[in-house]
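Structural features, examined
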Amino acid sequence: MTDKKEKTKNEPEVQETPALSFESVAELLKSSSEFSYSEQKPVRIKEELAKREKLKNVDLEQDIKLKKLTLKVLLWFLGIESFIIFAFAFLQATGWLGFVLEEWSFRLLVTATITQIYLMLRVAVEYLFPKK
């Protein structure tokens, strides 16, 4: 008897936990905030890679369409601008419709327009078709 009393005085009394069954462990895990069981099927690497490739292809397709549209608009604009400059040059040379510009202003207009066309085409080529 004294052994039991001394033991209880020195150490706190520990209650034995009931034996856990598989079902009770499964219920604890399902209700746990750290562990959640989901019915989602696992992601397959091949499917993810295929999705990425598809997205890359769609992105490249959109990029190509945008570049084509930008280039067409730019060339259309430059064509109209070139036509107007050549019309000015024709009218200046023939004096038709009484069109007369001073020599220095005509040269300035043609030089500025040709420089603008060159720079626009250069920027378009550099940014629409960058070097890799």
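Looking only at helices and strands, one finds 4 helices and 0 strands in the chain. The helix and strand sequence of the chain, counted from the amino end, reads α-α-α-α. Buried positions account for 8% of the 132 residues belonging to the chain. When contacts within the chain are restricted to residue pairs at least 6 apart in sequence, long-range pairs at least 24 apart make up 64% of them.

Before going further, it helps to examine helix α3 (residues 45–94). For α3, built from 50 residues, the straight-helix expectation of 74 Å at 1.5 Å per residue is met to within 8% by its first-to-last C-alpha distance of 73 Å. Directly after α3, the chain includes Gly95, whose backbone phi takes a positive value near 70°.

Moving on, we come to the confidence of the model for the chain. Across the chain, pLDDT averages 79, with 73% of residues at or above 70. Within the chain, the lowest mean pLDDT, 54, falls on helix α1 (residues 2–10), and the highest, 89, falls on α3.

Turning to unusual backbone geometry, a few remarks are in order. Residues apart from glycine generally show negative phi values, whereas peptide bonds are mostly found in trans. Here Leu97, not a glycine, exhibits a phi torsion of approximately 65°, which is positive. Note on Leu97: relative accessible area 69%, which makes it exposed.

A few words on helix α4 (residues 103–128). For α4, with 26 residues, the first-to-last C-alpha span of 37 Å sits near the 38 Å given by 1.5 Å per residue. Within α4, the full set of buried residues consists of Phe106, Thr113, Ile117, Ala124 and Leu128. In this structure, the buried residues of α4 make contact with α3.

The rules we used
Residues numbered from 1 in each chain as written. Predicted model: local features only at pLDDT ≥ 70, side-chain atom pairs only at ≥ 80, totals over all residues. Heavy atoms only, no water. Helix = DSSP H or I, 4+ residues; strand = E, 2+ residues; numbered from the N terminus. Buried < 20%, exposed > 50% of the residue type's maximum accessible area, 1.4 Å probe, protein only. Contact = heavy atoms within 4.5 Å. Expected span 1.5 Å × (residues − 1). pLDDT = per-residue confidence, 0-100.

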